[in-house]
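Analysis of the macromolecular model
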Amino acid sequence: MRAAVYRAFGGPDVVRVEDLPKPVPQAGEVLVRVHASTVSVGDYRMRTRDLPKGLEFFGPLTIGIFAPRKKILGMDFAGVIEAVGDGVTRFKPGDAVVGLTGMKFGGHAEYVTLKESEAMVKKPEGWSFTDAVALVFGGHTVAECIRQCPIKPGDEVLVNGASGAVGTSAVQVARHFGAVVTAVTSAGNAELVRSLGATHVIDYKVEDFTRNGKQYDVIFECVGNAPFERVEKSLKPGGALLLVIIDLKGMLGAGGNSRRSGKRVIPINFKPKPEDVAFEIELAKAGALRPVIDQIHQLDQVVEAHRHVDTGRKRGSVVLQLAD
Ligand SMILES: NC(=O)c1ccc[n+]([C@@H]2O[C@H](COP(=O)([O-])OP(=O)(O)OC[C@H]3O[C@@H](n4cnc5c(N)ncnc54)[C@H](OP(=O)(O)O)[C@@H]3O)[C@@H](O)[C@H]2O)c1
């Protein structure tokens, strides 16, 4: 099979397309012919080992010390089940599916195997593989957020980093649950986030949302510049800070900050679950979540896709297409 492989840490150019043996599904596993995946910030972090402050000391233990442990990036996939191992009952060959490999990666290849119990559901009929896959990374993260902090009608919700993969999903889902959404982004993305359901837009180059005196029930922090210390005054009493991105200090301090302030500081972990994929797909079927695709690249242009992700300016998802 053809796969985008990286054998050293570094910039986009470390990624190359290679021929590798096609995997064989073991008992309980399915073999998916991947049609589309995305190049995400998760791939960027693995490739560069650019991790939130403090975590760079622990990261190499899982990512690799001298060379990458996982040679194929890609945390998500949409494709068709080609074969199943013994004992598989949830899926059969020919089923179109969408899901997440998460920290096992491997989506940037023509084939991937995973356990049938992992984070995967049937792709709704009529959806393209590219649309389906563009939803999952951000949508799944937001599903985890909503599980930990349900949004109520009338809640005032601020999304910091509203135009990224997670932010575009957060704006839509918060609006769906009846929140009044404030999106923090740059001027060029104001129209996009309004079209997704934001009522107010703050251009972070012009206004600092932590200094305008406004308070919110829930803040989604998707940038890495709004730790609790900075946003405490922007949260209403009893409000919640969802730390989609968090450094070591934030992680260690979350419990103490919550107890001291009476405001909830919630670190979000990326642990793919079938029920969260099902939840986001149901939201999308109901029209509450639509994919936002910035660019689509063929496998041979995988380096270009990584380059765009590295800018930190992508809008929604950058899709890698591996089959029609
Ligand atoms: N904990 C978890 O489970 C989990 C899951 C997924 C992602 N993450 C983390 O969450 C973060 C966001 O992920 P993502 O996939 O959404 O990233 P992304 O798609 O790369 O985000 C790019 C967007 O960030 C915006 N941005 C950059 N600087 C900004 C600023 N100062 N203020 C407001 N917006 C800004 C950019 O908009 P402009 O061009 O307008 O600046 C761009 O549209 C990443 O750090 C990722 O590692 C964590």
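Per an unreviewed UniProt entry, the protein carries the name Enoyl reductase (ER) domain-containing protein and comes from Devosia insulae DS-56.

Things to note about the environment of Val142
Of note, Val142 is situated in helix H3 (residues 129-148). For Val142, a relative accessible area of 1% puts it in the buried group. A sequence separation of 78 residues divides Val142 from Phe220, and the C-alpha atoms of the two residues are 9.2 Å apart.

Notes on the site of the ligand
As a structural note, the neighbourhood of the ligand is formed by 26 residues, with Ser163, Ser186, Tyr204, Val244 and Lys314 the closest of them. Between an oxygen atom of the ligand and a main-chain N or O atom of Lys314, the distance comes to 2.6 Å. Burial of the ligand by the protein chains amounts to 89% of its free accessible area of 930 Å². Looking at the shell around the ligand, the elements that each hand over two or more residues are helix H1 (41-48), H3, helix H4 (165-176) and strand S9 (180-185). Class assignment of the residues belonging to the shell around the ligand gives a composition of twelve nonpolar, eleven polar and three charged. Structurally, the shell around the ligand is a two-domain feature, drawing no fewer than three residues from each of domain 1 (2-123 + 292-321) and domain 2 (138-267).

A closer look at the UniProt feature "domain: Enoyl reductase (ER)" (unreviewed entry) in the protein
When the UniProt feature table is mapped onto this chain, "domain: Enoyl reductase (ER)" (unreviewed entry) is found at residues 10-320. Overall, residues 10-320 shows 29% helix and 26% strand. The separation of its end C-alpha atoms is 20 Å.

So, the packing of aromatic side chains
One pass over the full model with this rule turns up two aromatic pairs. Stacked on the ring of Tyr111, the Lys or Arg Lys22 has its end atom at 4.5 Å from the ring centre. The aromatic ring of Tyr111 is capped on one face by Arg33, whose charged end is 5.4 Å from the ring centroid.

Section: the pairing of S9
Within S9, five of the six residues are buried, which leaves it mostly tucked inside the rest of the structure. Alignment of strand S8 (residues 156-160) against S9, held across five bridges, turns out to be parallel. Residue pairing in the sheet places Val157 in a bridge with Val181 of S9. Chirality of the crossover, the property in question, places the unit of S8, H4 and S9 among those that are right-handed. Strand direction decides the pairing type here: S9 and strand S10 (residues 200-203), joined by four bridges, are parallel. Residue Val184 lies in a different strand from S10, and its bridge partner there is Ile202.

Some points on the nonpolar core
Val32, Met120 and Phe220 are the most contacted members of the largest nonpolar core, which totals 82 residues. Residue contributions to this core peak at ten residues, all from H3. For this core, the two domains that each supply at least three residues are domain 1 (2-123 + 292-321) and domain 2 (138-267). When near neighbours in sequence (up to four residues on either side) are disregarded, Val32 contacts Phe77, Gly79, Val80, Ile81, Val97, Glu110, Tyr111, Val112, Leu114 and Met120. One finds Ile202, Phe209, Tyr216 and Leu241 within the second-largest nonpolar core, a separate group that totals 15 residues.

Considerations on the pairing of strand S13 (residues 264-267)
One ladder, built from four bridges, connects strand S12 (residues 235-243) with S13; its direction is parallel. Within S13, the position partnered with Leu241 by the bridge is Val265. In this fold, S12 hands off to helix H7 (residues 248-261), which returns the chain to S13; that crossover is right-handed.

Let's talk about the domain arrangement of the protein
Per the domain assignment, the segments making up the protein are domain 1 (2-123 + 292-321) and domain 2 (138-267). Distance from the C-alpha centre of domain 1 to the C-alpha centre of domain 2: 27 Å. Domain 1 puts 13 residues into the contact, and the matching count from domain 2 is 16 residues. If you sort the residues of domain 1 by the area they bury against domain 2, Leu55, Val292 and Arg315 come out on top, with a joint share of 41%. Counting across the interface, domain 1 meets domain 2 through four residue pairs in polar contact (both at pLDDT 80 or more). Residues belonging to the side of domain 1 that touches domain 2 are distributed by class as follows: five nonpolar, three polar and five charged.

Cut-offs used in this document
- Numbering of residues begins from 1 in every chain and follows the order in which that chain's sequence is written.
- pLDDT decides what is reported in this predicted model: residues at 70 or higher carry local features, side-chain atom pairs at 80 or more are listed and counted, and totals for whole chains, interfaces and linings draw on all residues regardless.
- Calculation of side-chain values draws on the structure's entire complement of heavy atoms; hydrogens and water are dropped beforehand.
- Helix and strand assignments come from DSSP, with helices taken as H or I runs of at least 4 residues and strands as E runs of at least 2, each series counted from the N terminus.
- Type-normalised accessible area, obtained with a 1.4 Å probe on protein chains alone, sets the label of each residue: buried when under 20%, exposed when over 50%, and partly exposed for intermediate values.
- To be near a molecule or strand, a residue needs just one of its heavy atoms within 4 Å of it.
- For the purposes of these results, a polar contact is taken to be a pair of N or O atoms within 3.5 Å, where, inside protein, one atom must be able to donate a hydrogen and its partner to accept one; residues adjacent in sequence count only when each atom of the pair is a side-chain atom.
- With residues, only the protein chains shown are counted as cover, and all accessible areas are computed by Shrake-Rupley using a 1.4 Å probe.
- Residues are grouped as follows: nonpolar covers Ala, Val, Leu, Ile, Met, Phe, Trp, Tyr, Cys and Pro; charged covers Asp, Glu, Lys and Arg; every other residue, Gly included, is treated as polar.
- Residue ranges labeled as domains rest on an automatic or database domain assignment.
- UniProt positions are given in the numbering used here, feature names are shortened, and annotations may be inferred rather than shown by experiment.
- Between rings of Phe, Tyr and Trp, where Trp is taken as its six-membered ring, a pair exists when centres lie within 6.5 Å; planes separated by under 30 degrees are stacked, by over 60 edge-to-face, and by other angles tilted.
- Charge-over-ring contacts are defined here by two conditions on Lys NZ or Arg CZ: a distance within 6 Å of the ring centre and an angle within 35 degrees of the ring normal.
- We call two strands paired when DSSP finds no fewer than two bridges between them.
- With its strands directed away from the observer, a crossover is right-handed exactly when the path from the first strand over the helix to the second travels clockwise.
- We define a nonpolar core as any set of buried Ala, Val, Leu, Ile, Met, Phe, Trp, Tyr and Cys residues linked to one another through side-chain atoms lying within 4.5 Å.
- Here, two residues are considered to be in contact whenever any of their heavy atoms come within 4.5 Å of each other.
- What counts as buried area is the accessible surface, traced by a 1.4 Å probe, that two parts surrender upon association, with contributions from both included.

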